[in-house]
Structure formats: structure tokens, C-alpha cells
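Chain and residue survey
Given next are the chains, with one letter for each unit.
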Amino acid sequence: MPARKDPGPSVKDPELYEKLRDEGNSKEKSARIANAAANTSRSAVGHKGGSSPAYEEWTKEELQERARELEVEGRSSMSKDELIEALRDH
């Protein structure tokens with residue numbers, strides 16, 4: 001198995017980044033989480049901010065708006081379930 005390429009200087013916690021990539025997360029999502037963990041602590045990541053209802057409780061229009069904010073491709077033709085899956089995978 002070839003060695004992985006260094007994720008670069010923009011990733012502040014390369015060890016966590018690689019763990020997240022191994023779990024199947026996208027490069028963007030892995031970098032976002034690794035950098036958030038480096039800015040606080042790994043245990044504090046995910047504990048910031050307020051709470052939000054589960055995507056299943058959102059209307060399709062709310063899901064489409066969030067997908068638009070995150071620039072999810074193909075969102076206009078997705079069903080509610082597909083939007084939820086795309087948002088969770090982003």
C-alpha cells in the first residue's frame with residue numbers, strides 16, 4: 001500500500017485528518033473537523049453551538065436551502081431523503 005500524501009499545511013491535525021479519511025469522510029469534511037479540533041480540543045469538537053432539529057424534521061424547502069448554502073450538486077432534483085443523505089455526507 002503506498003504511503004499517503006501529506007494533507008498540507010492547511011490541515012492543523014494531520015493524525016485526526018487521516019483517521020477521518022480512513023473512516024470514509026471526504027477530504028473537505030476531514031480537514032474541517034481536524035482543524036476545528038486543533039483550534040480547541042478533540043473532545044470539545046461537536047459540543048459548540050446551539051442545537052438543531054434532526055434533518056428528518058426539516059421541510060424539503062429548508063433542506064434545499066441548506067444544500068444550496070453548501071453548494072451540493074444536483075440538489076434541485078433530489079427527494080427529501082436524498083437531500084438528507086447528501087447533507088449528512090457533505
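Residues numbered from 1 in each chain as written. Predicted model: local features only at pLDDT ≥ 70, side-chain atom pairs only at ≥ 80, totals over all residues. Heavy atoms only, no water.

In helix packing, the relevant descriptors are the interaxial angle and the interaxial distance, both defined with respect to the helix axes. Where helix H3 (residues 60–69) meets helix H4 (residues 80–89), the closest approach of the two axes is 10 Å, and the angle between their N-to-C directions is 35°. Where H3 crosses over H4, the two elements pack in a sense that is left-handed. Together, Lys-60, Leu-63, Gln-64, Arg-66 and Ala-67 of H3 and Lys-80, Leu-83, Ile-84 and Leu-87 of H4 make up the contact between the two elements. Among the residues making up the contact of H3 with H4, the classes are represented as five nonpolar, one polar and three charged. (Axes fitted to C-alpha atoms, helices over the stretch in contact; angles between N-to-C directions. Helix = DSSP H or I, 4+ residues; strand = E, 2+ residues; numbered from the N terminus. Left-handed = near helix turned anticlockwise from the far one by under 90°. Contact = heavy atoms within 4.5 Å. Nonpolar A, V, L, I, M, F, W, Y, C, P; charged D, E, K, R; others polar.)

Moving on, we get to the confidence of the model for the protein. Regions with low pLDDT carry predicted coordinates that are not meant to be interpreted in detail. Of all residues in the protein, 76% have pLDDT values of 70 or greater, and the mean over the chain is 81. The element-level mean pLDDT for the protein is lowest in helix H2 (residues 27–39), coming to 79, with H3 highest at 94. (pLDDT = per-residue confidence, 0-100.)

What follows covers a negative patch on the surface. Taken together, Asp-81, Glu-82, Glu-85 and Asp-89 make up a surface patch of like negative charges. Its location among the elements puts Asp-81 in helix H4. (Patch = residues over 30% accessible without salt bridge, like charges linked within 9 Å, V, L, I, M, F, W, Y side chains within 5 Å. Areas by Shrake-Rupley, 256 points an atom, 1.4 Å probe, with all protein chains shown as cover. Salt bridge = Lys/Arg side-chain N within 4 Å of Asp/Glu carboxyl O. Lys, Arg positive; Asp, Glu negative; His and termini not counted. Charge placed at Lys NZ, Arg CZ, Asp CG, Glu CD.)

This part takes up H4. Among the residues making up H4, those that are buried are Leu-83, Ile-84, Ala-86 and Leu-87. In a view along the axis of H4, the buried residues occupy a sector of 165°, so they form one face of it. Residues Asp-81, Glu-85 and Asp-89 are exposed on H4 and point more than 90 degrees away from its buried face. On its buried face, H4 is in contact with H3. (Buried < 20%, exposed > 50% of the residue type's maximum accessible area, 1.4 Å probe, protein only. Arc of directions from axis to C-beta.)

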